[in-house]
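Structural features, examined
Listed below, chain by chain, are the residues.
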Amino acid sequence: MTDQYPPPYPPQGGPGYGYGYPPPNYGPPPDNNMVWAILSTVLCCLPLGVVAIVKSSQVQSLWFQGHHAEAQKAAADARKWAMWSAITTGILLLLYVVFIVVMIVLVGVNANQLTP
């Protein structure tokens, strides 16, 4: 066998292939979003990005084990965690910029009191 993974169904004529129905064709596995998980880990929020990497690494193995619904859920979860990582980082950066602006304004208002 030259395939990397065995087919998720028994070969034709084998046990479990009865009644003349062909095995279901589920198509290619879903996108595991590994690129987004790695980018969100490196550039954004580390804890949420690590969860995204773990979820995205489960997609291929679940798919080829025949757990198609779980593989699609893991792919969706990986995308969700990567997105939340990016959103969290954006919110934290926005709060940091607001904090710096407020501090600059407060120093500017109180500058008259600091000069002799």
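Everything here concerns the structure above.
Residues numbered from 1 in each chain as written. Predicted model: local features only at pLDDT ≥ 70, side-chain atom pairs only at ≥ 80, totals over all residues. Heavy atoms only, no water.

Overview of unusual backbone geometry
Notably, Asn 33 is not glycine yet its phi reads approximately 60°, a positive angle. By the secondary structure assignment, Asn 33 is in the segment before α1 (34–43). (Helix = DSSP H or I, 4+ residues; strand = E, 2+ residues; numbered from the N terminus.)

Describing the pattern of salt bridges
Overall, the coordinates contain two salt bridges when judged by the stated rule. Between Asp 77 and Lys 73 there is a salt bridge; the shortest N-O distance is 3.0 Å. Placement of the pair is Asp 77 and Lys 73 together in helix α3 (residues 68–109), with a separation of four residues, close to one helical turn. We classify Asp 77 as buried; its relative accessible area is 11%. You can call Lys 73 exposed: its relative accessible area is 52%. The salt bridge partner of Lys 80 is Asp 77, with a shortest N-O separation of 3.9 Å. Of the two residues, Lys 80 and Asp 77 are both situated in helix α3; the distance of three residues between them amounts to about one turn of the helix. (Salt bridge = Lys/Arg side-chain N within 4 Å of Asp/Glu carboxyl O. Buried < 20%, exposed > 50% of the residue type's maximum accessible area, 1.4 Å probe, protein only.)

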